[in-house]
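# A closer look at the structure
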Amino acid sequence: MNRPESKARRTQFLCIVGCEGINQERVYFDRVAKLINSIEKRTHDLIFDYAEPYGGDPKCVVERTIQKSIGKENKVSVFDYDGKKTKYEEAIDLAKENKIELGYSNYCFDLWLILHKKVYGCCRKSRWICR
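Residues numbered from 1 in each chain as written. Predicted model: local features only at pLDDT ≥ 70, side-chain atom pairs only at ≥ 80, totals over all residues. Heavy atoms only, no water.

The next subject is the pattern of salt bridges. Note that side chains of opposite charge can pair when their charged atoms are close. Going through the model one piece at a time under the given rule, you end up with seven salt bridges. Put simply, E52 and R26 hold a salt bridge, and the shortest N to O gap is 3.9 Å. Residue E52 is found in the loop between β2 (44-51) and α2 (58-68), and its partner R26 is found in helix α1 (residues 24-37); the two are separated by 26 residues along the sequence. Judged by its relative accessible area of 54%, E52 is exposed. The partly exposed category is assigned to R26, whose relative accessible area is 27%. Shared partners join several salt bridges into a network, and the residues in it are R26, D30 and E52. (Salt bridge = Lys/Arg side-chain N within 4 Å of Asp/Glu carboxyl O. Helix = DSSP H or I, 4+ residues; strand = E, 2+ residues; numbered from the N terminus. Buried < 20%, exposed > 50% of the residue type's maximum accessible area, 1.4 Å probe, protein only.)

Before going further, it helps to spend a moment on α2. Residues of α2 that are buried include every one of P58, V61, V62, R64, T65 and I66, and no others. In the core, the buried residues of α2 are packed alongside β1 (11-19), β2, β3 (75-80) and α3 (85-97). For α2, the N-terminal cap is D57; the gap from its side-chain oxygen to the backbone nitrogen of K59 is 2.9 Å. (Contact = heavy atoms within 4.5 Å. Polar contact = N/O pair within 3.5 Å; in protein donor to acceptor, adjacent residues only side chain to side chain.)

Along any regular strand the residues' side chains alternate between the sheet's two faces. Most of β3 sits inside the fold, with five of its six residues counted as buried. Note: β1 against β3, four bridges, orientation parallel. Counterpart to V17 in the pairing with β3 is V76. (Pairing = 2+ DSSP bridges.)

Written out as structure tokens, the structure is:
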């Protein structure tokens, strides 16, 4: 009987992720995991587990990450700077106290991603560099 080649089981690298949104952020992290896990020479499988529910201010995101990650080592909180300076700074301090890695962005982060993915308004006479 022809058996498929057995693939070596890899150790899982679990990362707890707290984020504000379910759409963009989760799609992004799931894609990152898929890309990393498609590399044959990797030593671990990357697994993301999300701190739910989604939404709230930056401090809420960090608090949910803390609750979800009790007893876990690899944890990250991702949130936007939406002009709520106090909650934003409290979230950063709380994350540092709990050894949570941070990913945070400015107002234009989504636009920055789009503009790096595709060239818009590019012409030879433009002073902007085209790729």
